[in-house]
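For reference, the chains in residue letters:
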Amino acid sequence: MSTLYVGASHSEVMSMRDRAALIDEILQDRLEHTLPQLMEREGIDMWILISREYNEDPVLKTMLPATWLSARRRTILVLFNPGNGQAIERLAVSRYDVDSMFRKGWNKEKQPNQWQRLVELIQQKNPQKIALNKSAHFALADGVSATEYEELMDALPAQLSKKVVSSQNLAIAWLETRSDKEMQVYPELIKIGHGLIAEAFSNQVITPGKTTTEDVVWWLREKSRELKLINWFHPSVSIQRSSSVKFDHLKAFTGTNPEQVIQAGDLLHVDFGLTYLRLNSDQQQHAYVLKPGETDAPSYLKQAFAKANRLQDIFTQNFKAGRTGNQVLMMSREQAIAEGIKPSIYTHPIGYHGHAAGTTLGMWDSQGGVPVRGDYPLHLNTAYSIELNAATFIPEWKKEIRIMLEENAFFDKKGVQYLDVRQKTFHLIQPQ
């Protein structure tokens, strides 16, 4: 395995060939060791995933080998747990083996009808439940298309159609659960992101009075590509400063901030994410542009930053398996307010997707809780983007500012651990 390293101006990532080998190694391990536990936990003995080429179910995409960039024709994956500690049977009702992950289970020359072959397999296995990716509330668990669902239900005899259930909780579990092998590499991705932010928020990229926020945004996009990485969302860079302009919630959370020239005395904010080895990062940090004669950020800004760090501590200490996102949100907000902090918490799971499957722990415009998705319980061995802000009135600026932080973390029986060192002090940019 190649070594990942990030410095101020240098990064090494694995070759595409090595990445593919590692992705497949991780997938094979998850199918053999993680999936059986999840199917047992959720009481599902047969899980069927169906996609046509270029219209892939988001869960099915995570089960394809690295060299399969899409489904082929109609790809049907069948996962069957025979019980009694036996291995999960993995079949593809497809014209092809799906690499070594799913054995071909359809001979078109013997059975021309793909749906009928699927029915034959189901009848042979005689499952108690037939789980399909349908969900009214969790988009990532709602991957079967209307046409595929209708055609399958038309093909199933009555005694089998009665066994069809939603795979919602199993799909979420598969997507949100991080394996030991994944956690060996996930921290390296987070370090890469931190390294790029540190370089972006430095005089190597920013010249006060000249560089604009959009210049930094596009530097991040270009640098990501230069390092053979991609962004799963367009970055944003914004400014809070001593002026009459007040904080705008909508602009802050939709990335529609106007282009501005970066000046001495500015408080900068970045929102930035990468995709690597099928995992995602999502990070927000701050920088301060020193004024001539300054050697550090003003104490009032550092005090505001400390409140946001304290909010992180309050929030992550309330994580407990079985608690819902809404419960953790309510407990954390009440404690923070009691300590004199003005909190806003909008944390989400992260992993195979940036805004990933799992419980929702607040949204910036839903601080009273999120119905259904916020009622889903926390499970161990899951990852989160600890995203929040603390508002502080700054008399020197005659207005309220927000320290908006986002750091990626892993939740297991030991609690919440950040995947890399979280930001506790401002990046400092020297005046010109």
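Every chain is numbered on its own, with residues counted from 1 as its sequence reads. The predicted origin of the model limits local features to residues at a pLDDT of at least 70 and limits the giving and counting of side-chain atom pairs to 80 or more, whereas totals for whole chains, interfaces and linings rest on all residues. Water and hydrogen atoms were dropped before computing side-chain values, which therefore reflect all heavy atoms in the structure.

Colleague: Looking at this structure, how should I read the overall build of the chain?
Modeller: The way it works is that DSSP assigns letters per residue, a run of H or I at least four long becomes a helix, a run of E at least two long becomes a strand, and they are numbered from the N terminus. Within the chain, the secondary structure is distributed over 11 helices and 19 strands. In terms of principal-axis extent, the alpha carbons of the chain reach across some 80 × 45 × 35 Å. Partly exposed describes any residue whose relative accessible area lies between the buried limit of under 20% and the exposed limit of over 50%, with all areas from a 1.4 Å probe on protein chains only and scaled to the type maximum. The proportion of buried residues among the 432 residues of the chain is 56%. Only the protein chains shown count as covering a residue, and every accessible area follows the Shrake-Rupley method with a 1.4 Å probe. A total accessible area of about 18800 Å² is found for the chain, and carbon and sulfur atoms account for 48% of it. Residues scored as charged are limited to Lys and Arg (positive) and Asp and Glu (negative), so that His and the chain ends carry no count. The location of each charge is read from NZ of Lys, CZ of Arg, CG of Asp or CD of Glu. Computed over 49 positive and 50 negative side-chain charges, the inter-centroid distance for the chain is 2 Å.

Colleague: Sorry, what's going on with the nonpolar core here?
Modeller: Across soluble globular proteins, nonpolar side chains have a tendency to be buried as a group. Grouped together as the largest cluster of nonpolar side chains are 41 residues, with contacts concentrated most on Tyr186, Phe201, Ile206 and Leu268. Secondary-structure elements contributing two or more residues to this core are helix H1 (16-42), helix H7 (180-200), helix H8 (213-226), strand E9 (236-240), strand E10 (267-272) and strand E13 (283-289). What we call a nonpolar core is a set of buried Ala, Val, Leu, Ile, Met, Phe, Trp, Tyr and Cys residues that are connected through their side-chain atoms within 4.5 Å.

Colleague: Would you take a moment to explain the sheet that holds strand E5 (residues 89-93) for this structure?
Modeller: In any sheet, the strands associate via hydrogen bonds between backbone groups, in a parallel or an antiparallel arrangement. For two strands to count as paired, DSSP must find a minimum of two bridges between them. On the basis of which strands lie adjacent, the open sheet formed by 6 strands has the order E6-E5-E4-E3-E7-E8 and mixed pairing. Looking at which strands have only one partner, the edges of the open sheet turn out to be strand E6 (103-104) and strand E8 (164-166). Inspection of the sheet shows strand E3 (residues 46-52) paired to strand E4 (residues 74-80) by 7 bridges, in the antiparallel sense. By the bridge assignment, Leu49 is partnered in E4 with Leu77.

Colleague: I tried to follow the pairing of E4 on my own but got confused; where do I start?
Modeller: The two faces of the sheet receive side chains in turn, since in a regular strand these alternate between them. Extensive coverage of E4 is indicated by the burial of 7 of its 7 residues. Because side chains alternate across E4, one face comprises the buried residues Arg74, Ile76, Val78 and Phe80, and the other comprises Thr75, Leu77 and Leu79, equally buried. Relative to E5, E4 runs antiparallel, the two being bridged by 5 bridges. Within E5, the residue paired with Leu79 across the bridge is Arg90.

Colleague: What should I look at first to understand the confidence of the model for the chain in this one?
Modeller: Note: predicted coordinates in regions of low pLDDT should not be interpreted at a detailed level. Averaged over all residues, the pLDDT of the chain is 93; the fraction at 70 or higher stands at 95%. Confidence drops under pLDDT 50 across residues 1-11; counting only partners more than four residues distant or on other chains, this segment forms 26 contacts. By definition, pLDDT measures how confident the predictor is in each residue, and it falls between 0 and 100. Contacts between residues were defined by any pair of non-hydrogen atoms, one from each residue, lying within 4.5 Å.

Colleague: Mind showing me how you'd approach helix H6 (residues 168-176) here?
Modeller: Residues that lie three or four places apart on an α-helix share one face, since the helix turns once every 3.6 residues. Extensive coverage of H6 is indicated by the burial of 7 of its 9 residues. Those residues of H6 not exposed but buried are Leu170, Ala171, Ile172, Ala173, Trp174, Leu175 and Glu176. Buried residues along H6 sit in contact with H1, E3, helix H2 (58-63) and strand E16 (382-394).

Colleague: Explain the environment of Ser202 here, please?
Modeller: Within the fold, Ser202 resides in the loop between H7 and H8. Assessed through its relative accessible area of 13%, Ser202 is described here as buried.

Colleague: In this structure, what is going on with the packing of aromatic side chains? I would like to understand it.
Modeller: Aromatic ring pairs: the centre-centre distance and the angle between the two ring planes describe each pair. The rule is short: rings of Phe, Tyr and Trp, with Trp giving its six-membered ring, pair when the centres are within 6.5 Å, and they are stacked under 30 degrees, edge-to-face over 60, tilted in between. Counted by the stated rule, this structure contains 7 aromatic pairs. Relative to Tyr384, the ring of Phe319 has its centre 5.5 Å away and its plane inclined at 80 degrees; by these criteria the two rings are edge-to-face. Taken together, the residues Phe319 in the loop between helix H10 (299-317) and helix H11 (325-338) and Tyr384 in strand E16 connect sequence positions 65 residues apart. For Tyr384, a relative accessible area of 1% gives the class buried. The rings of Phe315, Phe319, Tyr384 and Phe411 are connected pair by pair, giving a single aromatic cluster. One cation-aromatic arrangement involves Arg30 over Trp174; the distance from NZ or CZ to the ring centre is 4.1 Å. We call a charge positioned over a ring when the NZ of a Lys or the CZ of an Arg lies within 6 Å of the ring centre and within 35 degrees of the ring normal. One cation-aromatic arrangement involves Arg72 over Trp68; the distance from NZ or CZ to the ring centre is 4.0 Å.

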